[in-house]
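# Remarks on the overall topology
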Amino acid sequence: SKPHSSHVDLSCIQVPDRYQTTGPFTAKELEADASFDKASAQWKEFLRELRRGDKLLKYDEGCCTGIIIVRKGCIVDWFQISES
């Protein structure tokens, strides 16, 4: 077994507290959401990841909105929906 250290895992990006998030949502809820361009290849690729996340959140950062996939407390992927 690997020794555990207390250093911060740089591969683990946590959702910043300043982010305005809603959720968590289920993958089905997000798939049914009409505000996405479902035709895009990026969306189809993202859907595969979506089903593997522990927690699915929508975010609104002022400049842009989207979805964050969180697994074990770390952001593993995100999909930007719109830019204002």
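Look a little higher up for the structure.
### Quick look at the state of the cysteines
- With the rule as written, the count across this model stands at 2 disulfides.
- Disulfide partner of Cys12: Cys74, at an S-S distance of 2.0 Å. Negative torsions about the S-S bond denote left-handed disulfides, and the value of about -95 degrees found for Cys12 with Cys74 makes this one left-handed. With Cys12 in the segment before strand S1 (20-25) and Cys74 in strand S4 (residues 74-83), this residue pair connects regions lying 62 residues apart in the sequence.
- Taken in sequence order, the bonded cysteines of the protein link in the pattern 1-4, 2-3.

### Quick notes on the nonpolar core
- Ranked by size, the top nonpolar core spans 10 residues in total: Ala27, Leu30, Trp43, Phe46, Leu47, Leu50, Leu56, Ile67, Ile69 and Phe79.
- Secondary-structure elements contributing two or more residues to this core are helix H1 (27-32), helix H2 (41-50) and strand S3 (64-71).
- Per-element accounting of this core gives the leading share, 4 residues, to H2.
- The next biggest cluster of nonpolar side chains, apart from the first, holds 5 residues, and it includes Tyr59, Ile68, Val70 and Ile75.

Thresholds applied
Residues numbered from 1 in each chain as written. Predicted model: local features only at pLDDT ≥ 70, side-chain atom pairs only at ≥ 80, totals over all residues. Heavy atoms only, no water. Disulfide = S-S within 2.5 Å. Helix = DSSP H or I, 4+ residues; strand = E, 2+ residues; numbered from the N terminus. Core = buried A, V, L, I, M, F, W, Y, C linked by side-chain atoms within 4.5 Å. Buried < 20%, exposed > 50% of the residue type's maximum accessible area, 1.4 Å probe, protein only.

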